[in-house]
Amino acid sequence: MRKWLIGMKSKKIIFDEYYRETHGQRWINLRSALEKEKQMQVLKSADGTQAYYLDQASLIAAANLEVGRGQKVLDLCAAPGGKSLYWLLKPELGSIQWKANEISMKRRLRLKRVLDQFLDREVRKRVEVVGHDARNWCLYEENAYDRILLDAPCSSEGHLIQQNQIASWSLAKVKRNMANQWAMLCSALAVLKSGGILVYSTCSINPGENEEQIERFLQSRSGQFEVLQGQSPIGKKLRWGWEIFPDIAIGAGPLYFCVMRKN
Ligand SMILES: C[S@@+](CC[C@H](N)C(=O)[O-])C[C@H]1O[C@@H](n2cnc3c(N)ncnc32)[C@H](O)[C@@H]1O
């Protein structure tokens, strides 16, 4: 038992040391902001009877997808479905075609439940829920969607802190997340139509999963896409994307997003 406790403590120390090195002076404030409960925004179901709670930062990232009438949209990592709901609850989008993908069967069932409960029947009919690996999507389709949302699986440090699960964090997992995000980005770019828009987002506070990932992507795919400004009323504009972290964004986030257009 004692040995186990020592193991837990050392993992917490490694976690703190790693992020203190990454964020410098800012880490103390950022860490305590991550511990606090967030204020959530509400999305009302189409019939007005149900409420879906979503962080303001997630709504901002979703809004940057700028979906238009009749467009073909792919949400590559969709469950539980908050960011898809943001758009699908807008009646003005008309005959939109929406594909919501989620690899985990359990989470896919939750996603379907959310869509069934929150959407108008006609809109629900236009949403296809599928369960593929986002990393391989480009093997089956290319130049197919006007808009792609890649809300990638990530280190989710905020959740780990709040759920007291820092012991499950490791550098090996960070590296695995980065490799998966990279594969998903490459796949998403191939699947996007020319002129189409891709929003990449994570809820990680690790620059390696965020801005540095985009920097590497730009270097390896130069000329194939451009990074757009993106917009957010809160948070901080970085060179490529936006950082909406709770210490600087009235408690919202953490969330990083970057908006790209395929050339
Ligand atoms: C950050 S969550 C998505 C949250 C969602 N966009 C929302 O707003 O409610 C990332 C999701 O990606 C899923 N995922 C992980 N690996 C995947 C893969 N290779 N292909 C597709 N989905 C994956 C996870 O199961 C998880 O549900």
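Residues numbered from 1 in each chain as written. Predicted model: local features only at pLDDT ≥ 70, side-chain atom pairs only at ≥ 80, totals over all residues. Heavy atoms only, no water.

(A) Main features of helix α9 (residues 211–220). Taken residue by residue, α9 has Glu211, Gln213, Ile214, Phe217 and Leu218 as its buried positions. Summarising the axial view, the buried residues of α9 lie within an arc of 155°, below the 170-degree limit, and thus occupy one face. In this fold, the buried residues of α9 make contact with α8 (171–191), β7 (192–202), β8 (225–228) and β11 (255–262). (Buried < 20%, exposed > 50% of the residue type's maximum accessible area, 1.4 Å probe, protein only. Helix = DSSP H or I, 4+ residues; strand = E, 2+ residues; numbered from the N terminus. Arc of directions from axis to C-beta. Contact = heavy atoms within 4.5 Å.)

(B) Focus on the site of the ligand. Close to the ligand lie 20 residues, the nearest being Glu102, Arg107, Asp133, Ala134 and Asp151. One nitrogen or oxygen atom from the main chain of Cys77 is found 3.0 Å from a nitrogen atom belonging to the ligand. One nitrogen or oxygen atom from the main chain of Pro80 is found 3.3 Å from an oxygen atom belonging to the ligand. Protein contact buries 85% of the 600 Å² of open area that the ligand shows by itself. Tallied by class, the residues present in the shell around the ligand amount to 10 nonpolar, four polar and six charged. (Near = heavy atom within 4 Å. Polar contact = N/O pair within 3.5 Å; in protein donor to acceptor, adjacent residues only side chain to side chain. Areas by Shrake-Rupley, 256 points an atom, 1.4 Å probe, with all protein chains shown as cover. Nonpolar A, V, L, I, M, F, W, Y, C, P; charged D, E, K, R; others polar.)

(C) Seen up close, the pattern of salt bridges. This model, assessed by the stated rule, comprises 13 salt bridges. Note that Arg31 and Asp16 form a salt bridge whose closest N and O atoms lie 2.7 Å from each other. Of this pair, Arg31 sits in helix α2 (residues 27–35) while Asp16 is found in helix α1 (residues 2–23), placing the two residues 15 residues apart along the sequence. Overall, the relative accessible area of 16% leaves Arg31 in the buried class. Across the pair Glu226 and Arg261 runs a salt bridge, and its minimum N-O distance is 3.3 Å. Taken together, the residues Glu226 in strand β8 and Arg261 in strand β11 connect sequence positions 35 residues apart. Here the residues in one salt-bridge network are Asp16, Arg31 and Glu35, joined through shared partners. (Salt bridge = Lys/Arg side-chain N within 4 Å of Asp/Glu carboxyl O.)

(D) A look at the packing of aromatic side chains. For the structure on display, the rule yields 12 aromatic pairs. What links up through ring pairs into an aromatic cluster is the set Phe15, Tyr18, Tyr19, Trp27 and Trp169. Seen from the ring of Tyr145, Lys72 lies directly overhead, with NZ or CZ sitting 4.9 Å from the centre. When the ring centre of Tyr86 is taken as origin, the NZ or CZ atom of Lys90, which lies over that ring, is 4.4 Å away. (Phe/Tyr/Trp six-rings, centres within 6.5 Å; stacked < 30°, edge-to-face > 60°. Lys NZ or Arg CZ within 6 Å of the ring centre and 35° of its normal.)

(E) Spotlight on α8. The terminal C-alpha atoms of α8, which comprises 21 residues, lie 30 Å apart, in line with the 30 Å expected from a rise of 1.5 Å per residue. If you check which residues of α8 are buried, you get Val174, Asn177, Gln181, Met184, Leu185, Cys186, Ser187, Ala188, Leu189 and Val191. (Expected span 1.5 Å × (residues − 1).)

(F) The arrangement of the nonpolar core in detail. Counting residues in each nonpolar core, the largest one holds 41 residues, and the members touching the most others are Trp98 and Phe257. Counting residues per element, this core draws most heavily on helix α3 (residues 56–63), which supplies five residues. Those residues within four positions of Trp98 in sequence are excluded, and the remaining contacts are Val67, Val73, Asp75, Ser84, Trp87, Leu88, Arg126, Val127 and Glu128. Membership of the second largest hydrophobic core comes to 30 residues, among which are Val227, Trp240, Cys258 and Met260. (Core = buried A, V, L, I, M, F, W, Y, C linked by side-chain atoms within 4.5 Å.)

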